[in-house]
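# Observations on chain architecture
Listed below are the residues making up each chain.
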Amino acid sequence: MQLYRSMFWGALLAGSSALYAEDPPSLNEIEKRIAQLEQGNLEPQTNWTDQISINGYLSYGITRHDVHQDQGGAPPVNFQAGQPYTFRNRVTDEISHRDISRVGLQINAEINDKTSAVVQLLGRGRDNYDAEVQWAFIDYELLEGLNWRGGRLMLPNSMHSQYLNVGYAYHWVELPGEVYDIVPFDTIDGMDLTLKFNTGSISHDLSAVYGSLDVPDNTFGVPVIYEGRDYGGINLRSRWGDLMTWFSYNHARLSADLSSLDLAFAMLGLPPPGFASASIDEAVAIGRSVGFQYDNGSFFMMAERADLDIDAWYPNRWGGYVSTGYRIGKWTPHVTWGAANTHGAADALNDGNPLTSGLALSNMVRGKSWTLGVRHDLASGIDVKLEAKRFYDMSNEKFDSVGANTNGMFSPSTLAGEIEDENPVVYRISVDAVF
Amino acid sequence: MMNNSMLKWMAALIFALPMQVFAEVVVVVSMDSPVTGLSESQLRQLYLEGSGRVDGISVRALDLPEGAKVREDFYQKAVGKTPAQMKGYWARMIFTGRGAPPRMVSGNRAMQVMLDNNPEMVGYLPANQVGDKLKVLRTLD
């Protein structure tokens, strides 16, 4: 029966080759299909590739900035004195092939009709491509349109947060730091619940997330663990034709024991500055973001604003951007305006503790920027992008805290001195692929 | 002069006719499929999620190869998105674990074979390539 059926299809396929000239089959192809049919390989129930899929993304990027100046100050206030200024703690005026390069590999397994498992590993060039787990969860469909996921998830802080490493998914080389640098954590261990529903012609994804996070930080050469507990949030993504909107609200209690930093100073033979007094103990942290995106296939525009308020010496911060671009064939030129500012550190500045006020002042970030860039789609699934981001208005008297950092997202002026160039530029080029 | 322009019109018609036929895309399933109809929004949702349920029946979407003109037409008409938009959309969906794109077949004939052998699959074809083993759920023009 099976053979008869295959022969019938073989004859039909052979016959169809004459009729449909735009898609001529080779004899080999037909034979392969007949063989597949005979073995039942086209039946999805028996084909393991239907249950397991492997996908990946890769970005190779180069970046540098144009501040050709060395940091001032001296240890123990600034251990990086004499070295080049850094942008976001990493990028210098020397070309880096590592900082924004990264690779991700994802395995999806369909366990049954309602259950699947996903694991995604990420290796960042700046971490020597050491793999870390970004996603690892079991997805279970509780009801039609209602899914529960448990394990490790990426935090849904802002509109593009959950795919922030997938360069191919957006038009920039890197997402705007004004919004995406605000929350220094990107994963959570816990669960989320997502409900898909429609109101008229608008489709919505309403999601609630709950869990905790432990983020080890080694910036000062000694481990500090930032703990987030009772991390709970809710977000809504709505789509109506070419328009998409995004709202999110997240809440957590943050703790960090900084006393190990005093030990590091003691080991260097320096007087401990008293970091223990700046430890964070269950400080309430609230993050909010709102965004929209319009994309009609050629013209697109998006805007977003995010806020993070932490009830500790860490100043409250907000950031936003507006970005627009136009696809002309395989080319997409785009322009983005961004702004960031900090406020609300009055308690830390007035508590009489020079350390917490110093930390607050050096963590203040103010600045605006214009980003000009172009994306070129080389082929489906691969692009090349370049962009230049020029900062301005980082160091004027409008800043509401005297003595605050006036270097924006560069090495803080409170430690390294002010950057002479009022308009530093960051350059980035990348090749992004998804497969 | 008159004859000349009429000739031009006729020539234009001859060229335009096959293109119009080609432009008609139909959504098809196996004759054995329990699915009897598919609304505009069900079709859009199915191709934005890769799989789903239609009237309680689990279905999976199938795609023609990337670059196929019929596929481009289908997405423009059924989902309102360009190939570049869909590629970016799936990059965001896949890597946030929100879904997998429709399985891709090698061409029109493979689409016919897959649909005929798998009643739970939904696909699309140029209207003139449906054959008698498949039934048409929707015509997109």
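These figures come from a predicted structure and were not determined experimentally.

Right, let's talk about the overall build of chain A for a bit. Counting its regular elements, chain A contains seven helices and 16 strands. In chain A, which comprises 435 residues, the proportion classed as buried is 35%.

Now for the environment of Gly408(A). All names here are of chain A. Considering the arrangement of structural elements, one finds Gly408 in the loop between β15 (382-392) and α7 (413-416). The class of Gly408 is buried, set by 25 C-beta atoms lying within 10 Å. Gly408 sits 68 residues away from Ala340 along the chain, and the two C-alpha atoms are 8.5 Å apart. Residue contacts for Gly408: discarding those within four places in its chain leaves Val365, Arg366, Gly367, Phe391 and Met394.

In this assembly, 25 residues from chain B lie in contact with 36 residues from chain A. Those elements that place two or more of their residues in the side of chain B that touches chain A are α4 (83-94) and α5 (108-117) of chain B. When residues of the side of chain B that touches chain A are assigned to their parent elements, the largest contribution, seven residues, is made by α4(B). Broken down by class, the residue content of the side of chain B that touches chain A amounts to seven nonpolar, 12 polar and six charged.

With that out of the way, let us pick up the nonpolar core. If you look at the biggest cluster of nonpolar residues, it comprises 36 residues, and the most contacted ones within it are Leu153(A), Val166(A), Tyr168(A), Ala169(A), Ala91(B) and Phe95(B). The set of elements that each furnish at least two residues to this core consists of β4 (131-143), β5 (146-154), α3 (177-180), β9 (243-256), β11 (299-310) and β12 (316-326) of chain A together with α4 of chain B. Here this core gets four residues from one element, more than from any other, and that element is α4(B). Not counting the four nearest positions on each side in its chain, Val166(A) is found in contact with Tyr57(A), Gly104(A), Val434(A), Ala91(B) and Phe95(B). Membership of the second largest hydrophobic core comes to 29 residues, among which are Val28(B), Ala78(B), Tyr124(B) and Leu137(B).

Of the residues making up helix α2 (residues 40-49) of chain B, those classed as buried are Leu43(B), Leu46(B), Tyr47(B) and Leu48(B). Once α2(B) ends, the next one or two residues include Gly50(B), with phi positive near 85°.

The next subject is the confidence of the model for chain B. Mean pLDDT for chain B: 87, with 84% of residues reaching 70 or above. Here the complex is predicted with pTM 0.85, and the ipTM for its interfaces comes to 0.84.

What follows deals with the confidence of the model for chain A. The share of residues in chain A with pLDDT of 70 or more is 88%, and the mean pLDDT across the chain is 88. Across residues 1-24 of chain A, where pLDDT falls below 50, the model places 21 contacts with residues more than four positions away in sequence or in other chains.

Now for the pairing of strand β14 (residues 367-379) of chain A. All names here are of chain A. In this structure, strand β13 (residues 331-343) lies alongside β14, joined through 10 bridges in antiparallel fashion. Note on β14: the bridge partner recorded for Ala339 is Lys368. Relative to β15, β14 is paired through 11 bridges, and the arrangement is antiparallel. The partner of Ser369 across the bridge, within β15, is Phe391. In this structure, the hairpin formed by β14 and β15 is closed by a connection of two residues, where Gly381 is found at a positive phi of approximately 90°.

Moving on: the environment of His334(A). Residue and element names in this part refer to chain A. For His334, the location among the structural elements is in strand β13. For His334, a count of 21 C-beta atoms within 10 Å puts it in the buried group. In sequence terms His334 and Glu387 are 53 residues apart; their C-alpha atoms lie 9.1 Å from each other.

What counts, and at which threshold
Each chain carries its own residue numbering, running from 1 in the written order of its sequence. Chains and ligands are labelled sequentially in the order written, the chains with letters from A and the ligands with numbers from 1. For a predicted model such as this one, the threshold for reporting local features is a pLDDT of at least 70, and the threshold for listing and counting side-chain atom pairs is 80 or more; totals across whole chains, interfaces and linings nevertheless cover every residue. Segments assigned H or I by DSSP are reported as helices when at least four residues long, segments assigned E as strands when at least two residues long, and all are numbered from the N terminus. Buried, partly exposed and exposed are defined by the number of other C-beta atoms within 10 Å of a residue's own C-beta, namely 20 or more, between the two limits, and 12 or fewer respectively, with C-beta atoms placed from the backbone. Here contacts are defined at the residue level, using C-beta atoms placed from the backbone and a cut-off of 7 Å between them. Three residue categories are used. Nonpolar comprises Ala, Val, Leu, Ile, Met, Phe, Trp, Tyr, Cys and Pro, charged comprises Asp, Glu, Lys and Arg, and polar comprises the others, including Gly. Put simply, a nonpolar core is a cluster of buried Ala, Val, Leu, Ile, Met, Phe, Trp, Tyr and Cys residues tied together by C-beta atoms within 7 Å. Confidence of the prediction at every residue is given by pLDDT, a number between 0 and 100. Two strands are counted as paired when DSSP detects at least two bridges linking them.

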